[in-house]
Amino acid sequence: MIVMKFGGTSVEDARAMTTVIEIVERERHRKPVVVLSAIAGATNMLLDAARLSVEGKLDEATRLLNELLERHVLILENLITHRTTIQELILEIRRRFDELKNLCQGIAILGELTNRSLDAIASVGERLSTLIVARGMEERGLPAELVDARSFMMTDEQYANAAPQMPFIETKARELLLPLINTGKIVITQGFIGSTRKGITTTLGRGGSDYSAAIIGAVLDAEEIQIWTDVDGVLTGDPRIVPSAKKLKVISFREASELAYFGAKVLHPSTILPAVKKNIPVIVLNSRRPAASGTRIVSDPPKSNAAVKSIASKKGITVINIQSTRMLMAYGFLESIFSVFSRHKTPVDLVSTSEVAVSLTIDNTSRLEEILQELESFAEVSVFRNKAIVCIVGEQMHSTVGIADRIFHALGDINVMMISQGASEINMSLVVDETDVVEAVRRLHKEFFEPVPELEIFESIGTNSSD
Ligand code: ADP
Ligand code: ASP
Ligand code: MG
């Protein structure tokens, strides 16, 4: 069996959904499990409605919800032909929006918005898109079976960023999904959403549908996990920054992980992990150009001479410099620094050390004040906000002479605040001002990918593949 995940733009309207149904139908012999995101923009609109409600702007929230309701109605009217099915679905969708409005009213009255409520509200997006696509498939004579992801995607109670509980998911998913798959059903389920063991709705974090797909693929031992999106595959750079980006035909799990972690939105950062554990290839494909070959992410891609494969970037980074003369010749200093971050559950991304100073970066600043207070009790601390990480990735980077030279030459007058060579030995990360990040990525892209270095690995992208 295979897992086929379609992102928001792949289900954004009736035409896109029709394409999804056709793509799935073509793969029917491979026993697909279909994982869907909410229609493009729906999650943002739902979360905005919740936030407006807590600010007491219930009218604006209602307007937003009505707009989203209308979009869903328009989609199903254009996708489905049977009048009675349309009526039935409209009633069902209206009922769900009535529930949403009640929830928003409650939030406005209480003046309190928890992550738990946000998850309940956000989950409606995926629950609606799957409902509509499943009905569309049935109408076209396909044996679609809609399974609520909350019946098997068990998570902890960390709302808005819940961690999947793999052993439970494995048992539940196999028990519920395998009999359906084995009797020829096409299972359709939601990405992004899950449930605590007590049955309360959770989400896996923004962009989490990719992660859902990988988890489902891993627990069901899929032969392949397909991630269908709106670009031709994993590209040499973010196409919104470098329109001339090329597609990578194949990359390693390690390269894909680094890229995802350092900002390549095409994959949720956790996606690769479940696939690696079971060595299942992940293929990134373009639902707007289904015939294109996509990018294969595998454990052991063919060796290539291209040292650099792709460049990712991530804004919203805060750099913390920690200095202390006590550090000189002392042991335990780094431990005392990292224990502060660990106590405050704040991941550190990049680290660079000298004899008397440590620089590190974080992107979650929710506990910054507390962290600084503790650090200042034993060191001199300075904080630099609005920074960005630029991450240059490639398995062969470290065995290729002169890469650092080319990087700094290409960057020219752009100020680099910090450098970190990833411990994984396949990346090099730089910290620059947020205002310089676009130019930095463009210059580096030009240096390494224009002209295209190696045709066996890189390929031009389709004309209608990015927005
Ligand atoms: P989906 O809704 O299908 O999950 P996303 O918007 O989450 O799609 O991710 C796809 C987008 O990721 C692309 O449209 C592209 O703009 C962006 N992106 C950023 N970096 C890369 C990259 N290196 N390769 C491909 N796409 C990238
Ligand atoms: N719909 C969710 C989001 O927008 C999950 C996803 O699309 O992957 O974050
Ligand atoms: Mg995504």
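Residues numbered from 1 in each chain as written. Chains lettered and ligands numbered in written order. Predicted model: local features only at pLDDT ≥ 70, side-chain atom pairs only at ≥ 80, totals over all residues. Heavy atoms only, no water.

Turning our eyes to something else, we now look at the site of ligand 1. Inspection of the region around ligand 1 gives 17 residues, with Lys5, Thr229, Asp230, Leu235 and Lys265 positioned closest. Contact between ligand 1 and Arg240: an oxygen atom at 3.2 Å from a side-chain N or O atom of the residue. Val266 places a main-chain nitrogen or oxygen 3.4 Å from an oxygen atom of ligand 1. The residue inventory of the shell around ligand 1, partitioned by class, reads seven nonpolar, five polar and five charged. (Near = heavy atom within 4 Å. Polar contact = N/O pair within 3.5 Å; in protein donor to acceptor, adjacent residues only side chain to side chain. Nonpolar A, V, L, I, M, F, W, Y, C, P; charged D, E, K, R; others polar.)

What follows covers the environment of Val432. The topology assignment puts Val432 in strand β17 (residues 427-433). The buried category is assigned to Val432, whose relative accessible area is 1%. Along the chain, Val432 and Lys315 lie 117 residues apart, while their C-alpha atoms are 9.5 Å from each other. Residues contacting Val432, with those up to four places away along its chain left out, are Lys387, Ala388, Val390, Ile414, Asn415, Val416 and Val437. (Helix = DSSP H or I, 4+ residues; strand = E, 2+ residues; numbered from the N terminus. Buried < 20%, exposed > 50% of the residue type's maximum accessible area, 1.4 Å probe, protein only. Contact = heavy atoms within 4.5 Å.)

Okay, the nonpolar core next. Membership of the largest hydrophobic core comes to 137 residues, with the highest contact counts inside it found for Phe6, Met137, Leu220 and Ile297. Considering every element that reaches this core, the biggest residue donor is helix α5 (residues 115-139), with ten residues. Apart from the residues lying within four places of it in its own chain, the contact partners of Leu220 are Met1, Val33, Ala173, Arg174, Leu177, Leu178 and Ile181. Ile320, Val340, Ile362 and Leu372 belong to the second-largest nonpolar core, a separate cluster that totals 16 residues. (Core = buried A, V, L, I, M, F, W, Y, C linked by side-chain atoms within 4.5 Å.)

Turning to the packing of helix α1 (residues 14-26) against helix α3 (residues 58-79), a few remarks are in order. The interhelical angle for the contact between α1 and α3, taken along N-to-C directions, is 50 degrees, at an axis separation of 8 Å. By the angle between their directions, the pair α1 and α3 is classed as oblique. Here α1 runs over α3; the crossing is right-handed. Mapping the contact onto sequence places Ala14, Met17, Thr18 and Ile21 in α1 and Ile75, Asn78 and Leu79 in α3. (Axes fitted to C-alpha atoms, helices over the stretch in contact; angles between N-to-C directions. Parallel < 35°, antiparallel > 145°, perpendicular 65-115°, else oblique. Left-handed = near helix turned anticlockwise from the far one by under 90°.)

Axis angle and axis distance: for two packed helices, these are the angle between their axes and the distance between the axes, and together they describe the pair. Packing of helix α6 (residues 166-182) against helix α7 (residues 209-219) brings their axes to within 9 Å, and their N-to-C directions diverge by 70 degrees. Considering their axes alone, α6 and α7 lie roughly perpendicular with respect to each other. In this structure, α6 contributes Met166, Ile169, Glu170, Ala173, Arg174 and Leu177 to the contact, and α7 contributes Ile215, Ile216 and Val219. Split by residue class, the contact of α6 with α7 holds seven nonpolar, no polar and two charged.

Around ligand 2, a shell composed of Ser37, Thr43, Glu126, Phe192, Arg206, Gly207, Gly208 and Ser209 is seen. Residue Glu126 places a side-chain N or O atom 2.7 Å away from a nitrogen atom belonging to ligand 2. A distance of 2.8 Å separates an oxygen atom of ligand 2 from a polar backbone atom of Gly207. When its residues are assigned to classes, the shell around ligand 2 shows one nonpolar, five polar and two charged.

The next point concerns the sheet that holds strand β3 (residues 144-146). With respect to topology, eight strands assemble into an open sheet ordered β3-β4-β2-β1-β7-β10-β11-β9, the strand pairing being mixed. In this open sheet, the two strands that pair with only one neighbour each are β3 and β9 (250-252). Ignoring which end each strand starts from, the neighbouring axes of this sheet average 20 degrees apart. Bridging between strand β1 (residues 2-6) and strand β2 (residues 32-36) involves five bridges; their strand directions are parallel. Paired with Lys5 across the strands is Val35, a residue of β2. In this fold helix α8 (residues 253-261) packs onto β9, β10 (282-286) and β11 (295-298), with an angle of close to 85 degrees to the strand it touches most, β9. (Pairing = 2+ DSSP bridges.)

Before going further, it helps to spend a moment on the sheet that holds strand β12 (residues 310-323). Reading across from one edge, β13-β14-β12-β15-β17-β16 is the order of the six strands in this open sheet, with antiparallel pairing throughout. What marks the edges here is a single partner per strand, and that holds for β13 (351-353) and β16 (418-421). Each strand axis lies, on average, 30 degrees off the axis of its neighbour in the sheet, ignoring direction. Strand direction decides the pairing type here: strand β15 (residues 380-393) and β17, joined by seven bridges, are antiparallel. Looking at the pairing, Ile389 lines up with Val431 of β17. Packed onto the sheet, helix α11 (residues 368-376) meets β12, β14 (357-362) and β15 and runs at close to 120 degrees relative to β15. Helix α13 (residues 437-449) contacts β12, β15 and β17 of the sheet and is inclined by roughly 130 degrees relative to β12.

The geometry of an aromatic ring pair is captured by two quantities: the separation of the ring centres and the angle between the planes. As enumerated under the stated definition, the model contains four aromatic pairs in all. An angle of 15 degrees between the planes, with centres 5.7 Å apart, marks the rings of Phe6 and Trp228 as stacked. Note that Phe6 is positioned in strand β1 and Trp228 in strand β7 (residues 224-229), a separation of 222 residues in sequence. Neither residue differs from the other here; Phe6 and Trp228 are each classed as buried. Taking the ring centre of Tyr261 as reference, the NZ or CZ of Lys314 above it sits at 4.4 Å. (Phe/Tyr/Trp six-rings, centres within 6.5 Å; stacked < 30°, edge-to-face > 60°. Lys NZ or Arg CZ within 6 Å of the ring centre and 35° of its normal.)

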